[in-house]
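If you want the building blocks of each chain, they are given just below.
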Amino acid sequence: QVQLVESGGGLVQPGGSLRLSCAASGFSFSTYAMKWYRQAAGKERELVASITSSGDSTSYADSVKGRFTISRDNAKNTVYLQMNSLKPEETAVYYCNARNFWGVTFWGQGTQVTVSS
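Below you will find a few notes about this structure. (Residues numbered from 1 in each chain as written. Predicted model: local features only at pLDDT ≥ 70, side-chain atom pairs only at ≥ 80, totals over all residues. Heavy atoms only, no water.)

For the rest of this paragraph, the subject is the side chain of Glu90. Note on placement: Glu90 falls in the loop between strand S8 (78-83) and strand S9 (92-99). Within the structure, Glu90 has its side chain in polar contact with the side chain of Arg38 (distance 3.3 Å). Filtering out sequence-adjacent residues up to four positions away, Glu90 remains in contact with Arg38, Ser63, Val64, Arg67, Phe68, Ser85, Val113 and Val115. (Helix = DSSP H or I, 4+ residues; strand = E, 2+ residues; numbered from the N terminus. Polar contact = N/O pair within 3.5 Å; in protein donor to acceptor, adjacent residues only side chain to side chain. Contact = heavy atoms within 4.5 Å.)

Evaluation of the coordinates by the stated rule reveals 7 aromatic pairs. Ring plane angle 70° and centroid distance 4.8 Å describe the contact between Phe27 and Tyr32, whose orientation is recorded as edge-to-face. The pair Phe27 / Tyr32 is uniform in exposure class, with both members buried. Relative to Trp102, the ring of Phe101 lies with its centre 5.4 Å away and its plane at 85°, an arrangement referred to as edge-to-face. What links up through ring pairs into an aromatic cluster is the set Phe27, Phe29, Tyr32 and Phe106. The residue whose ring lies beneath Arg19 is Tyr80, and the NZ or CZ to ring-centre distance is 4.0 Å. Above the plane of the ring of Phe29 lies Arg72, whose end atom (NZ or CZ) is 4.3 Å from the centre. (Phe/Tyr/Trp six-rings, centres within 6.5 Å; stacked < 30°, edge-to-face > 60°. Buried < 20%, exposed > 50% of the residue type's maximum accessible area, 1.4 Å probe, protein only. Lys NZ or Arg CZ within 6 Å of the ring centre and 35° of its normal.)

With that settled, consider the sheet that holds strand S3 (residues 18-25). Either a parallel or an antiparallel arrangement is found when strands of a sheet pair, and the pairing is made through backbone hydrogen bonds. Taken together, 4 strands build an open sheet; the order of strands is S1-S3-S8-S7 and the sheet is antiparallel. In the strand order of this sheet, the two ends are held by strand S1 (3-7) and strand S7 (68-73), each with one partner. Sheet twist, expressed as the average angle between the axes of neighbouring strands with direction ignored, equals 15°. Pairing geometry for S1 and S3, over 5 bridges, is antiparallel. Within S3, the residue paired with Ser7 across the bridge is Ser21. (Pairing = 2+ DSSP bridges. Axes fitted to C-alpha atoms, helices over the stretch in contact; angles between N-to-C directions.)

For strand S4 (residues 33-39) and S9, the ladder comprises 7 bridges, and the chain directions are antiparallel. Note that in S9 the partner of Met34 across the bridge is Ala98. In this structure, S4 lies alongside strand S5 (residues 46-51), joined through 5 bridges in antiparallel fashion. Following the sheet pairing, Met34 is matched in S5 by Ile51.

A surface patch of nonpolar side chains, amounting to about 440 Å² of accessible area, comprises Phe101, Trp102 and Val104. With respect to the helices and strands, the residue Phe101 is situated in the loop between S9 and strand S10 (105-107). Given a relative accessible area of 75%, Phe101 falls into the exposed group. (Patch = residues over 30% accessible without salt bridge, like charges linked within 9 Å, V, L, I, M, F, W, Y side chains within 5 Å. Areas by Shrake-Rupley, 256 points an atom, 1.4 Å probe, with all protein chains shown as cover. Salt bridge = Lys/Arg side-chain N within 4 Å of Asp/Glu carboxyl O.)

And the structure:
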């Protein structure tokens, strides 16, 4: 069955770094664009970063440009989100998302990131 399993979340101090991973299985990972979203308590889910199926193009929310990096390893069926200089307001559940050309979409269960001293 299709699975997207996020990992790497946790508690980090302001200014710290975390690297999230999302391991995919059950579908043709290399044909899907991948995205990271986040949802803070009481707020709507927001798009953080995207990467094309081949990995040749990325895009970011303005709020994370220059601090976050999305990447993927199609040989390992995994997408990553390197997060640097984290801020308290970035405390949220982070979700990975897969979407193909025909709009078939899968979601992971999310991983909690807490930025606090």
